[in-house]
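Chains, contacts and geometry: an overview
This is what each chain is made of:
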Amino acid sequence: MSDDRQRSFSATAGRRVITPHNPVPLCGFLSRKGTFSSVNDPLELNAVRLRQGKEDVWLVSADLAYGSPSLMTVVRSHRLTTGPDRNVVLGASHTHFAPSMVPHFPALGITDPRYEAFVLDQARELIDDIEKRPPMFARLVHSKGEAKHSVNRRRRDIVARAGRVQRKWVMAPNADGARDETVHVLGILDDEGKLAAVVWEYACHPVSFPAQDRVSADFPGVVRKEIRRLHGADLPVIFLQGFSGNTRPRILAKPASILDRIRDTLNGPQFGRHSMSEFERWADGIADVVSTTLQRAIDSAPLTPMLSFDSQRVAHGDFILGTAPPIKDLELLRADLTADLSLAVVSAEAMVEHLAAFQLQSPQMTFIPVGCANTSVGYIPTSRIASEGGYEGGECLAYFDVRGRFSERADQIFYGAVLGLENVRRRSVATTN
């Protein structure tokens, strides 16, 4: 532990509650109307600031469907330091049971200005608090686990539409489709080896909480509660959503009629909804995986930190043949934590397959994928998904205030942006050295 890089690595972390005080609309389900009826579990902002030499990296998580331009502005600019704005990862958990912070996506839920102001105030307090506290010498540990809780949600079924029988890509369980069951867990330890913060990542849509009219952090909240039960009630826990644009919880419906049985025979099982007890068992299963992986990380040798942070932007409109989207840029970030461990960050609901673009450029790295980050643009499909259609392949665009379709050049554009990001990183490394 005598390495200069290790000795210079420090961290400061904190958290704030952002549970709404008054009934407001929730974000994420088109069929949901009105305001929420009650609060099942709290919503939070959690953050950790990592520092090493001149590098200053913020990892912030929010129990929201998406981050917003206003929240990004606060996190990036409301600081006592004058560092560049490129060093922030704002990860939305993507829970579908929180109020909207994205007025530019009104179809997904109306943003209440009072709630937005409340969240921004809490974010300012959190950033101020972290800024004012002295940095703490820290050790970084990491481990990987494997969950078995998600499934690909794109399947080509035989359906009857407008009097015609045809095959279409629908939202249904596809056991043969791509999914990412890897669970990454990072521990930030203080000088005495005690946990000061936890960062964890998993790729799965948080859409399975059974009560659509209640506020909930969904499974990230269940995991957070278990981590704090084991390691301290005030522990900041940062959750980073993975590349989960085409995955969701594996919840199968039981056929209720002869027509359901015929449909399931032709196509396979359909998605169902959890009961509360089923949800708790399912989410507790993820919590067990994360807790076990965290303990394995704590018991492992500390890593040698090597912080660096680079970003690249590409026009969001390049992915779309149609009207201009409300969010102009797709942002790609790379936050290297060690010489061979990095966050691959995309400001969109990226597909599981998008991780391959980062791996192609740096095959020696272990990448932790982070989607729904910063000011999210909505979905970014692969070229194959864009050509197939279905919800992620273009039907979703109307809900993100866009009229048009996705370009089948999506892979070329995305891979080009990742290559551009890699070139930025190489120039940055060359300048540092």
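One can find the structure itself at the top, above this paragraph.
Residues numbered from 1 in each chain as written. Predicted model: local features only at pLDDT ≥ 70, side-chain atom pairs only at ≥ 80, totals over all residues. Heavy atoms only, no water.

**Observations regarding the sheet that holds strand 19 (residues 329–336)**
Pairing within the open sheet is mixed, and its 4 strands lie in the order 17-19-20-21. Edge positions in the sheet fall to strand 17 (308–315) and strand 21 (366–370), since each of these pairs with one other strand and no more. Strand-to-strand twist of the sheet, defined as the mean angle between neighbouring strand axes without regard to direction, takes the value 20°. As judged from the 8 bridges shared by strand 17 and strand 19, these two strands associate in the antiparallel manner. Following the sheet pairing, Val-314 is matched in strand 19 by Leu-330. (Pairing = 2+ DSSP bridges. Helix = DSSP H or I, 4+ residues; strand = E, 2+ residues; numbered from the N terminus. Axes fitted to C-alpha atoms, helices over the stretch in contact; angles between N-to-C directions.)

**Looking at the pattern of salt bridges**
Inspection of every chain in the model, using the stated rule, returns 30 salt bridges. A salt bridge links Glu-388 to Arg-154; its shortest N-O distance comes to 2.9 Å. Remark: Arg-154 occurs in strand 10 (residues 150–161) and Glu-388 occurs in helix 8 (residues 383–388); sequence separation between them is 234 residues. Classification of Glu-388 as partly exposed rests on a relative accessible area of 23%. Note on Arg-154: relative accessible area 3%, which makes it buried. It is possible to trace a salt-bridge network through shared partners that takes in Arg-15, Glu-44, Asp-63, Arg-224, Arg-228 and Asp-234. (Salt bridge = Lys/Arg side-chain N within 4 Å of Asp/Glu carboxyl O. Buried < 20%, exposed > 50% of the residue type's maximum accessible area, 1.4 Å probe, protein only.)

**With respect to helix 3 (residues 113–132)**
Here helix 3 spans 29 Å end to end across 20 residues, near enough to the 28 Å set by a 1.5 Å rise per residue. By the burial criterion, the buried members of helix 3 are Tyr-115, Glu-116, Val-119, Leu-120, Gln-122, Ala-123, Leu-126, Ile-127, Ile-130 and Glu-131. The buried residues of helix 3 occupy an angular sector of 165° when the element is viewed end-on, so they sit on one face. Exposed side of helix 3, more than 90 degrees from the buried face: Pro-113, Arg-114 and Lys-132 are the residues found there. Contacts made by the buried residues of helix 3 are with strand 1 (10–17), strand 4 (44–52), strand 5 (55–62), helix 2 (69–77) and strand 7 (98–99). (Expected span 1.5 Å × (residues − 1). Arc of directions from axis to C-beta. Contact = heavy atoms within 4.5 Å.)

**Section: the packing of helix 2 against helix 3**
At a closest axis distance of 9 Å, the pairing of helix 2 and helix 3 adopts a crossing angle of 20°. Comparing their axes, helix 3 and helix 2 come out roughly parallel. As helix 2 packs across helix 3, the resulting crossing turns out to be right-handed. Seen from helix 2, the contacting residues are Ser-70, Leu-71, Val-74 and Val-75; seen from helix 3, they are Glu-116, Val-119, Leu-120, Ala-123, Arg-124 and Ile-127. A class-by-class count of the residues in the contact of helix 2 with helix 3 yields 7 nonpolar, 1 polar and 2 charged. (Parallel < 35°, antiparallel > 145°, perpendicular 65-115°, else oblique. Left-handed = near helix turned anticlockwise from the far one by under 90°. Nonpolar A, V, L, I, M, F, W, Y, C, P; charged D, E, K, R; others polar.)

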